[in-house]
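# Structure at a glance
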Amino acid sequence: MQQKPQQELHTKPGKESDKKLDKKLDNNMILMNTCSQNEQNRIYQTHTPNKSRKKCLPAFAAALAAAAMLTLCACGNSGSKAPDNQPQTSAGDTQNDDSKNQAAGDTNSDAADGQSSGADTKTDGSENPDNGANSEGSSARVEMTDPSGAKISVPKQINSIVVLAPSLSEIVTAFDMGDKVVGYDSYSTGIKGLPEDVPTFEITNPDMEQLAALSPDVMLISNETLYDQESPFQALIDTGTCVICVPNSDDIADIKSDIEFLASALGASETGSALLDKFDKQLNALADIAAKIPQEERKRVYFEVAPAPNMYSFGSGVFLNEMIEWIGAENILAGQSGWLTVEGETIVKENPDVIFTNANYNDDPVKEILSRDGWADISAVANKEVYCVDSDSSSQPNHNIIKAMRQMAEHLYPDYYKSK
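Residues numbered from 1 in each chain as written. Predicted model: local features only at pLDDT ≥ 70, side-chain atom pairs only at ≥ 80, totals over all residues. Heavy atoms only, no water.

The subject of this paragraph is the overall build of the protein chain. Scanning the protein chain from N- to C-terminus turns up 16 helices and 13 strands. The proportion of buried residues among the 420 residues of the protein chain is 55%. Once local pairs closer than 6 in sequence are excluded, the contacts in the protein chain between residues at least 24 apart make up 65%. Carbon and sulfur atoms form 46% of the exposed surface of the protein chain, whose accessible area is close to 17700 Å². (Helix = DSSP H or I, 4+ residues; strand = E, 2+ residues; numbered from the N terminus. Buried < 20%, exposed > 50% of the residue type's maximum accessible area, 1.4 Å probe, protein only. Contact = heavy atoms within 4.5 Å. Areas by Shrake-Rupley, 256 points an atom, 1.4 Å probe, with all protein chains shown as cover.)

Spelled out as structure tokens, the structure:
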């Protein structure tokens, strides 16, 4: 039986995708090192829908610590990173010499072991027409680089998919590929288009034996999924599963790029293109209205993702910040970057015009904010400009952020947005 090509961890010191993933892990660690179990749950839920949510496992902080130690292994699709940034050797090394010789002159040739012979990797994720696949039909594969920077070998014929991130589940169902999903994370339960009679998994510690039994053609993960530290998902990869990591997007451009990549990788170019076209039109419509709002009418916003006494929010470099700016407002914490712990005195000093929260696990988050000690003179509180925002669409970095953007826009500038 012909052996399927092996995936490899594709890293180089200082590579942009490496820095991007390191930054995401560092931001998560800053939050998780200082919060209680309830707040750990909230920060974890920042990228999970509110459907069928569970309390975060007490071990989540330790889980993120392990992820930070793994750095790029957290989104690499091979075993743990070998010394000097070289991927570990694995089954299929009999093809290594041919691959290296045919890739002569490629600065990354030393990381090409185990890829199908003669295949070049395209960093934009597009299909390589001269991929040199030696098999036909369902065994044909295409060499690509996923958004985490890992080299992957994607089957041209995809019949089964496991998804371990709700943001990615929503993209897969938007591609009309829910019928190919044979398993997904428990936080994706309830997403329209996903089958109900398939196994579900923990995002942070999926059951590897159950995953192996499913033997999916493709498994989609984000940088929130935990791995075995010595050889993450290697057993699945060895049996031919293509593990694709899509780190959570930092901005709207990343969201669009990730959708485009997944459409190409999953063979959904037509539906992916239609989804992006619709997304672009919706974004442009919001931007066109925002451009008409006079500067003196623009409002300053505080967006809370975890409530008092341990408040969390975000600065620049988070997709939610760009969502706020896109609709013509200003994040009061934009001078800082990443996910942030927040002191009440800071909010009082910044005096936002409007306060948003998606911390819907409280019974009445708006009432709680309006009644906080020392906040009565904040403009947003005094004028009762405090609003809940849909948690799902403000937490998942994908095309559905439009819903949350529209909600915020209508609260901020009803005269401009509500009639449109």
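Within the sequence span of helix 10 (residues 319-326), burial applies to Phe319, Leu320, Asn321, Met323 and Ile324. As for helix 10, its buried residues are in contact with strand 8 (300-304), strand 9 (311-314), strand 10 (330-331), strand 11 (339-342), helix 14 (391-395) and helix 15 (401-412). Two residues or fewer after helix 10 comes Gly328, characterised by a positive phi angle close to 95°.

It is worth spelling out helix 15 at this point. With 12 residues, helix 15 should reach 16 Å at 1.5 Å per residue; the first-to-last C-alpha distance of 16 Å fits that figure. Those residues of helix 15 that fall on the buried side of the exposure criterion are Ile401, Ile402, Ala404, Met405, Met408, Ala409 and Leu412. Summarising the axial view, the buried residues of helix 15 lie within an arc of 160°, below the 170-degree limit, and thus occupy one face. (Expected span 1.5 Å × (residues − 1). Arc of directions from axis to C-beta.)

Time to look at the packing of helix 10 against helix 15. Look at helix 10 against helix 15: their axes get within 10 Å of each other, and the N-to-C directions meet at 45°. Classed by the angle they form, the pair helix 10 and helix 15 counts as oblique. Our pair here, helix 10 against helix 15, has a crossing hand that is right-handed. Contact residues: helix 10 offers Phe319, Met323, Ile324 and Trp326, while helix 15 offers Ile401, Ala404, Met405 and Met408. Here the residues of the contact of helix 10 with helix 15 sort into eight nonpolar, no polar and no charged. (Axes fitted to C-alpha atoms, helices over the stretch in contact; angles between N-to-C directions. Parallel < 35°, antiparallel > 145°, perpendicular 65-115°, else oblique. Left-handed = near helix turned anticlockwise from the far one by under 90°. Nonpolar A, V, L, I, M, F, W, Y, C, P; charged D, E, K, R; others polar.)

Below, the discussion takes up the side chain of Glu385. Inspection of the secondary structure assignment puts Glu385 in the loop between helix 13 (379-382) and strand 13 (386-388). In this view, Glu385 contacts Lys299, Asp353, Val354, Ile355, Ala380 and His411; residues no more than four positions away in its chain are not counted.

These figures come from the coordinates and say nothing about function on their own.
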